[in-house]
Amino acid sequence: MEIRGACIAGLGAYVPQRVLTNQDLCDIVDTSDQWIVEHTGIRERRMLAEDQATSDLAYEATLLALEDADIPADDIDLIIVASVTPDVPFPATASLLQAKLGVRGAGTYDLMSGCTGWVQALATGSQFIQSGSCERVLVVAAEALTRVTNWTDRSTCVLFGDGACAAVLEPCDPGQGLLSFAMDTQGDAAHLLTIPAGGSRTPMTPELLADHKDRLHMDGHEVFKLAVRGIPEIVGQTMEKAGLEFDDVDLCVMHQANIRIMDAAHRRLDIPYEKMVINLDKYGNTSAASLGIALHEHKCEKGIAPGDHILMVAFGAGFSLAAAVFRWV
Ligand code: UT7
């Protein structure tokens, strides 16, 4: 018996209104617009308002995804939220989103995996559809990175922004929608990108707080190298599983972390630049949300045709890698 497919039936994205430009950051740390643009490709990013939290961003993106899928919130069976910046340590942001949506009878849980979260959540949600356990799964990636940014560290504070994306997954014909995915993790490199304190290993103290150990820490140089080395391998595995050649890819959407990582990937994968979706100049690195925000923007501005092959590639905390190929329905 052929297993049914799982496709993205609706897509949404939301970024907060407040814009933080490179020039604004020059007032906070010793940096320059030229350094940030040359080393990252980022020109500005968005910052959530004081009274906003991750679930608020998730909610806005979800409303657009539901509208795009043309279904009421009540049709959702399961909500998965990918985030490393939840509203509170627990309960899950997915539960808070469920309450905002007023959905009854839907399971909820969070998936905490940093920048690979969106691809991992899409792959996870698709399993519920393909197995027949669910008819409609809402997959959201939402991040409020500026809440955990160390504003005294110029090597990280210029990189991150806030935003959310959402997708409604539905059943489709076999051979359509999600064709394949691959994941890999190098846990021995987990210390390269982390919030060092506040968990069970190192509970927070006033000293650690004063030393910004409640904030994001990253060895960007090492993460950069792991990303550039790991992307061809994870993409190769995904393409092989899907039985596709690189020529078959119509659109490549990567985690929007650094234009130089995307340049390296486009050269190593031999994917033409015009097939790459790039919008990190406007939003910076929004972790799990970046890929979906870029995909949604591309869909709204240029459209995605049925049958198009969309390659998604993400990397980040863990150190984790994930890639997926969809045949658009
Ligand atoms: O989303 C999760 C995955 N994360 C990533 O993929 C991030 C990957 N890493 C990167 O994107 C890059 O490594 C960074 C953008 C974080 C850093 O770029 P880089 O070219 O690797 O710079 P670097 O860390 O090697 O630093 C080069 C120099 C240093 O000065 P010295 O020691 O050479 O004198 C830094 O102090 O640039 C300095 N620097 C800055 N200068 C001006 C670091 N940050 C800044 C800054 N403005 N904001």
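Figured I'd write up the structure that's included with this text. Predicted model only: the values in this text are computed from it and were never measured.

### Considering the overall build of the chain
Point 1. Each helix and strand counted, the chain has eleven helices and 14 strands in total.
Point 2. Relative to the compact-globule value of 20 Å for 329 residues, the chain shows a C-alpha radius of gyration of 19 Å, a close match.
Point 3. Dimensions of the chain, computed from the C-alpha atoms along their principal axes, are close to 60 × 45 × 35 Å.
Point 4. The buried share of the chain, taken over its 329 residues, is 52%.
Point 5. In the chain, 76% of the contacts between residues at least 6 apart in sequence involve partners at least 24 apart.
Point 6. Surface accessibility of the chain: about 14100 Å² in total, with carbon and sulfur atoms responsible for 49%.
Point 7. Considering the chain, the positive charge centre built from 24 side chains and the negative charge centre built from 45 side chains are found 3 Å apart.

### Description of the environment of Val 148
Point 1. Mapped onto the elements, Val 148 comes out in the loop between β6 (137-144) and α6 (154-157).
Point 2. For the pair Val 148 and His 212, spaced 64 residues apart in the sequence, the C-alpha separation amounts to 9.4 Å.
Point 3. Setting aside residues no more than four positions away along its own chain, Val 148 makes contact with Thr 85, Ile 195, Arg 215 and Leu 216.

### Some words on the side chain of Gln 120
Point 1. For Gln 120, the location among the structural elements is in helix α5 (residues 117-130).
Point 2. A distance of 2.6 Å separates the side chain of Gln 120 from the side chain of Ser 113, its partner in a polar contact.
Point 3. Not counting chain neighbours up to four residues away, the residues in contact with Gln 120 comprise Leu 111, Ser 113, Met 183, Ser 320 and Ala 322.

### Brief notes about helix α8 (residues 220-242)
Point 1. Spanning 23 residues, α8 covers 32 Å between terminal C-alpha atoms, matching the ideal 33 Å at 1.5 Å per step.
Point 2. The sharpest bend along α8 comes to roughly 35°, located at Gly 230, with the proline Pro 232 sitting one to four residues further on.
Point 3. Among all positions in α8, only Val 223, Leu 226, Ala 227, Val 228, Gly 230, Ile 231, Ile 234, Val 235, Thr 238, Met 239 and Ala 242 are buried.
Point 4. The positive-phi residue at the C-terminal boundary of α8 is Gly 243, with phi of around 70°.

### Structural notes on the pattern of salt bridges
Point 1. This structure, assessed with the given rule, holds ten salt bridges.
Point 2. The closest approach of N and O atoms between Lys 100 and Asp 56, which form a salt bridge, is 2.8 Å. Pair noted here: Lys 100 is in helix α4 (residues 93-101) and Asp 56 is in helix α3 (residues 54-69), with a separation of 44 residues, a long-range link.
Point 3. Given the relative accessible area of 22%, Asp 56 is considered partly exposed.
Point 4. Asp 68 is paired through a salt bridge with Lys 299; the nearest N and O atoms lie 2.9 Å apart. Of this pair, Asp 68 sits in helix α3 while Lys 299 sits in helix α11 (residues 290-302), placing them 231 residues apart in sequence.
Point 5. Judged by relative accessible area, Asp 68 falls into the partly exposed class, the value being 33%.
Point 6. Here the salt bridges share partners, and the residues they tie into one network are Asp 75, Arg 136 and Glu 170.

Cut-offs applied
Residues numbered from 1 in each chain as written. Predicted model: local features only at pLDDT ≥ 70, side-chain atom pairs only at ≥ 80, totals over all residues. Heavy atoms only, no water. Helix = DSSP H or I, 4+ residues; strand = E, 2+ residues; numbered from the N terminus. Rg over C-alpha atoms; globule rule 2.2 N^0.38 Å. Buried < 20%, exposed > 50% of the residue type's maximum accessible area, 1.4 Å probe, protein only. Contact = heavy atoms within 4.5 Å. Areas by Shrake-Rupley, 256 points an atom, 1.4 Å probe, with all protein chains shown as cover. Lys, Arg positive; Asp, Glu negative; His and termini not counted. Charge placed at Lys NZ, Arg CZ, Asp CG, Glu CD. Polar contact = N/O pair within 3.5 Å; in protein donor to acceptor, adjacent residues only side chain to side chain. Expected span 1.5 Å × (residues − 1). Bend = angle between axes of the 7 residues up to and from the residue. Salt bridge = Lys/Arg side-chain N within 4 Å of Asp/Glu carboxyl O.

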